[in-house]
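# Observations on chain architecture
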Amino acid sequence: MDTEEAVLALAALSQSTRLEAFRALVRHEPDGLAAGDLARLLEVPQNTLSAHLSILSRARLVSSERHSRSIIYRANLSEFRDVAVFLLRDCCGGRPEVCDPVVESVQACCAPKRKERAR
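Summarised in this report is the structure supplied together with it.

Cut-off values and rules
Numbering of residues starts from 1 in every chain and runs along the sequence as written. Since the coordinates come from a predicted model, pLDDT governs what is reported: local features require at least 70, and pairs of side-chain atoms require 80 or more to be given and counted, while whole-chain, interface and lining totals use all residues. Excluding hydrogens and water, the side-chain values take into account all heavy atoms of the structure. DSSP bridges decide pairing: two strands pair if at least two such bridges lie between them. Strands are runs of DSSP state E lasting at least 2 residues, helices are runs of H or I lasting at least 4, and numbering of each runs from the N terminus. Any two residues whose heavy atoms approach within 4.5 Å at even a single point are treated as in contact. Angles here are taken between N-to-C directions and fall from 0 to 180 degrees, while the axes themselves are lines fitted to C-alpha atoms, restricted in helices to the stretch in contact. Burial classification: accessible surface area is computed with a 1.4 Å probe over protein chains only, and a residue below 20% of its type maximum counts as buried, one above 50% as exposed, and the rest as partly exposed. The arc under discussion is defined with respect to the helix axis, by the directions toward the C-beta atoms. Salt bridges are counted wherever a side-chain nitrogen of Lys or Arg sits within 4 Å of a carboxyl oxygen of Asp or Glu.

This part covers the sheet that holds strand β2 (residues 62-67). Sheet architecture is open: 3 strands sit in the order β1-β3-β2, paired in antiparallel fashion. In the strand order of this sheet, the two ends are held by β1 (33-34) and β2, each with one partner. Where β2 lies against strand β3 (residues 70-75), 6 bridges are found, and the strand directions are antiparallel. The partner of serine 63 across the bridge, within β3, is arginine 74. Sitting on the sheet, helix α2 (residues 16-27) is in contact with β1, β2 and β3, with an inclination near 90° to β3.

Below, the structure is given as structure tokens:
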């Protein structure tokens, strides 16, 4: 990821409705949400949300897929990961212990949930 791509992604997330839309889509991974459902969830008019989703799409933070009459939006977690890595790449300056608390925090909140074994 280069600086221009990072700036585009960060700018897209720098508005509260877009940030909340992205976070909602992350919570609904991997299924995603229909645009209308997302608008109702965020209590935002559909045309307003459409403009916000367009900005997030240009920044490659969300993807969309048409299903019949609905458009399903999904968070692009690999692109978001690239933004996070871009931000953290130089944070430790050759001293990984400086970044350890940040890395541990990310790992703790994003650890995969264990599935219960059938007995």
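Structure's up, so let's keep going.
The next thing to look at is helix α1 (residues 3-13). Inspection of α1 places Ala6, Ala9, Ala12 and Leu13 among the buried residues, and these make up the whole buried set. Taken around the axis of α1, the buried residues stretch over an arc of 130°, which confines them to a single face. Of the residues in α1, the exposed ones pointing more than 90 degrees away from the buried face are Thr3 and Glu4. If you follow the buried residues of α1, they end up packed against α2, α4 (46-58) and α5 (77-88).

Once that is clear, we can look at the environment of leucine 41. Along the chain, leucine 41 turns up in helix α3 (residues 35-42). On the basis of relative accessible area, leucine 41 is assigned to the partly exposed category, the value being 45%. Distance from leucine 41 to alanine 21, taken between C-alpha atoms, is 9.0 Å for residues 20 residues apart in sequence. Excluding anything up to four places from it in sequence, leucine 41 contacts Ala24, His28 and Leu33.

On to the pattern of salt bridges. Pairing is possible between side chains that carry opposite charge, provided their charged atoms lie close to one another. All chains considered together, the criterion is met by 6 salt bridges. In this structure, glutamate 5 and arginine 60 form a salt bridge, with 3.6 Å as the shortest nitrogen-oxygen distance. Taken together, the residues glutamate 5 in helix α1 and arginine 60 in the loop between α4 and β2 connect sequence positions 55 residues apart. Through salt bridges with shared partners, a single ionic network connects Glu5, Arg60 and Glu79.

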